[in-house]
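Architecture and fold: a report
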Amino acid sequence: MNVLVINCGSSSLKFQLINAETEDVLAKGICERIGIDGRLTYQPTGGEKEKSDKAMPTHTEAIQYVIDALTNAETGVVKSLDEIGAVGHRVVHGGERFASSVVITEDVKKAIEECNELAPLHNPANLIGIEACEKLMPGTPMVAVFDTAFHQTMPEKAYMYGLPYEYYEKYKVRRYGFHGTSHSYVSKKAAEVIERPYDQLKTIVCHLGNGSSVTAVMNGKSVDTSMGLTPLEGLVMGTRSGDIDPAIMEFIAGKENLDIEGVMNVLNKKSGVFGLSGELSSDFRDLTDAMNNGDKKAKIAMDVFSYRVAKYIGSYAAAMNGVDDIVFTAGIGENDDYVREQVCSYLDYLGVDFDKEVNKGLRGTQKELTKPGSKVRVFVIPTNEELAIARETLALVK
């Protein structure tokens, strides 16, 4: 069965068409600048990458262009929509309602909409993508795969905040966690690589990208994760502050004459390594180049990021009373050897025997980074959220 995987943002739409049984990617691409002017990038596997400017006032037009590209007589990979058996949609927030992926119904869409205030930048866009596909592909099964679902196995001691309990009862204020599809995929892949049962492992997954999170996976279940009610909590990230003293918000508001919206804008868009580097960049490649050229602030940003990752690894080793393996994944985790080395320099106490030579220059390749006999093994495992979504979709539709 061919599954069309859709990842809808407010002004973008990433897609892949995957044969979910063979797990081969048939084509992939992205629609950008939706609502502005519109640009489509499309690449069939084994073919040339095509870029074209197309008017995309809404996501419906974007989906139509995706369908047109996939069914194009010359460069398409299917003859008609009949060859697409289902559509898998990434949905960021499912609240407490969804602990697993589901076939989309009107009731499911309503429940997703009810989570809009918990993910205002993501859920509305995810819904737009769902409804655009429903309009253009009536009768094709649609599946929602939630970023938060994997973390619904967390115990109360991990997801409750030290706030009045009534806020949880009335507003469901609690830790939800994100990047769940990636954490699930990578932790399962690690079990395959180690050749041990998934339900008998203690794994720490470090999903490090512009948005970053660390998750403790114990016996196949998420038991704690660094992101919280929103994706702002946890690690220092590209432009997000991560964990801070809450009183800083009032302090900065008073000093800078900002309202709550202004402070939140600072924490979400002007902080993280971008802010620490003196607003040099949120891209770790730029920071690395600057650091290597003697830029002090760039080095501070890189080292603060790495230190925070190491602290979370330590806390999750404690939460699980041990750890068998640690995995780096996503853009930074897979490609930044400096960050990996810095993080692992703090982990000698766990018995990590890190191999600096193997780590050096390693980019986007699955590899073990520890020497034979290391008590805790460390890996780089590229994530594949699209494949994970296709698998979930296939299982539900079948």
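Refer to the structure above for everything that follows.
In this report, the structure presented in the accompanying data block is examined. A quick note: this is a predicted structure, and the numbers were derived from the prediction, not measured.

Across its full length, the protein holds 15 helices and 14 strands. Against the 2.2 N^0.38 benchmark of 21 Å for 398 residues, the protein shows a C-alpha radius of gyration of 21 Å, consistent with a compact globule. Projected onto its principal axes, the C-alpha positions of the protein cover 55 × 55 × 45 Å. Counting the 398 residues in the protein, one finds 49% classified as buried. Excluding contacts between residues fewer than 6 apart, the proportion of contacts in the protein whose partners are at least 24 apart in sequence is 61%. Accessible area for the protein stands at about 18,500 Å²; split by element, carbon and sulfur atoms hold 49% of it. Averaging the coordinates of the 43 positive side-chain charges in the protein and doing the same for the 56 negative ones gives two points 3 Å apart.

Relative to strand β5 (residues 50-53), strand β4 (residues 39-44) runs antiparallel, the two being bridged by 4 bridges. Looking at β5, one finds that R39 is bridged to D53. The antiparallel hairpin formed by β4 and β5 contains 5 residues in its connecting segment, where G46 sits at a positive phi of about 85°.

Once that is clear, we can look at the nonpolar core. Counting 41 residues, the largest nonpolar core has I204, C206, L208, I313, I326, F328 and L350 as the members making the most contacts within it. Sorting the residues of this core by element identifies β9 (202-207), β10 (213-218), α10 (284-292), α11 (296-319), β12 (325-329), α13 (337-344) and β14 (377-380) as the ones contributing at least two each. Here this core gets 10 residues from one element, more than from any other, and that element is α11. Residues contacting C206, with those up to four places away along its chain left out, are S213, V214, V309, I313, I326, V327, F328 and T329. One finds I6, A69, L70 and I84 within the second-largest nonpolar core, a separate group that totals 37 residues.

This next bit is on the layout of surface pockets. Space inside the second largest pocket adds up to approximately 360 Å³. In terms of lining residues, the second largest pocket is bounded by 20 residues, among which F150, G180, S184, K188 and E392 are the most central. Looking at the lining of the second largest pocket, the elements that each hand over two or more residues are β8 (142-146), α6 (180-194), β11 (221-225) and α15 (385-397). By residue number, the principal contributor to the lining of the second largest pocket is α6, which donates 5 residues. A per-class count over the lining of the second largest pocket returns 8 nonpolar, 8 polar and 4 charged.

A few words now on α13. Along α13, the residues classified as buried are Y338, V339, R340, V343 and C344. At its buried positions, α13 is contacted by α10, α11, β12, α12 (330-335), α14 (356-359) and β14. Among the residues of α13, the N-terminal cap falls to D336, whose side-chain oxygen and the backbone nitrogen of Y338 are separated by 3.1 Å.

Another aspect to go through is the pattern of salt bridges. The final tally for this structure, using the stated rule, is 20 salt bridges. With its nearest N and O atoms 2.6 Å apart, the salt bridge here joins E23 to R391. Linking E23 in the loop between β2 (13-19) and β3 (24-32) with R391 in helix α15, this pair joins segments that are 368 residues apart in sequence. One connected set of salt bridges, linked through shared partners, spans E96, K172 and R174.

How each quantity is defined
Residues numbered from 1 in each chain as written. Predicted model: local features only at pLDDT ≥ 70, side-chain atom pairs only at ≥ 80, totals over all residues. Heavy atoms only, no water. Helix = DSSP H or I, 4+ residues; strand = E, 2+ residues; numbered from the N terminus. Rg over C-alpha atoms; globule rule 2.2 N^0.38 Å. Buried < 20%, exposed > 50% of the residue type's maximum accessible area, 1.4 Å probe, protein only. Contact = heavy atoms within 4.5 Å. Areas by Shrake-Rupley, 256 points an atom, 1.4 Å probe, with all protein chains shown as cover. Lys, Arg positive; Asp, Glu negative; His and termini not counted. Charge placed at Lys NZ, Arg CZ, Asp CG, Glu CD. Pairing = 2+ DSSP bridges. Core = buried A, V, L, I, M, F, W, Y, C linked by side-chain atoms within 4.5 Å. 1 Å grid on protein atoms, 1.4 Å probe; cavity = no way out; pocket = protein on both sides within 12 Å on 5 of 7 lines; lining within 4 Å. Points joined across faces, edges and corners; volume = space filled by probe spheres on them. Nonpolar A, V, L, I, M, F, W, Y, C, P; charged D, E, K, R; others polar. Polar contact = N/O pair within 3.5 Å; in protein donor to acceptor, adjacent residues only side chain to side chain. Salt bridge = Lys/Arg side-chain N within 4 Å of Asp/Glu carboxyl O.

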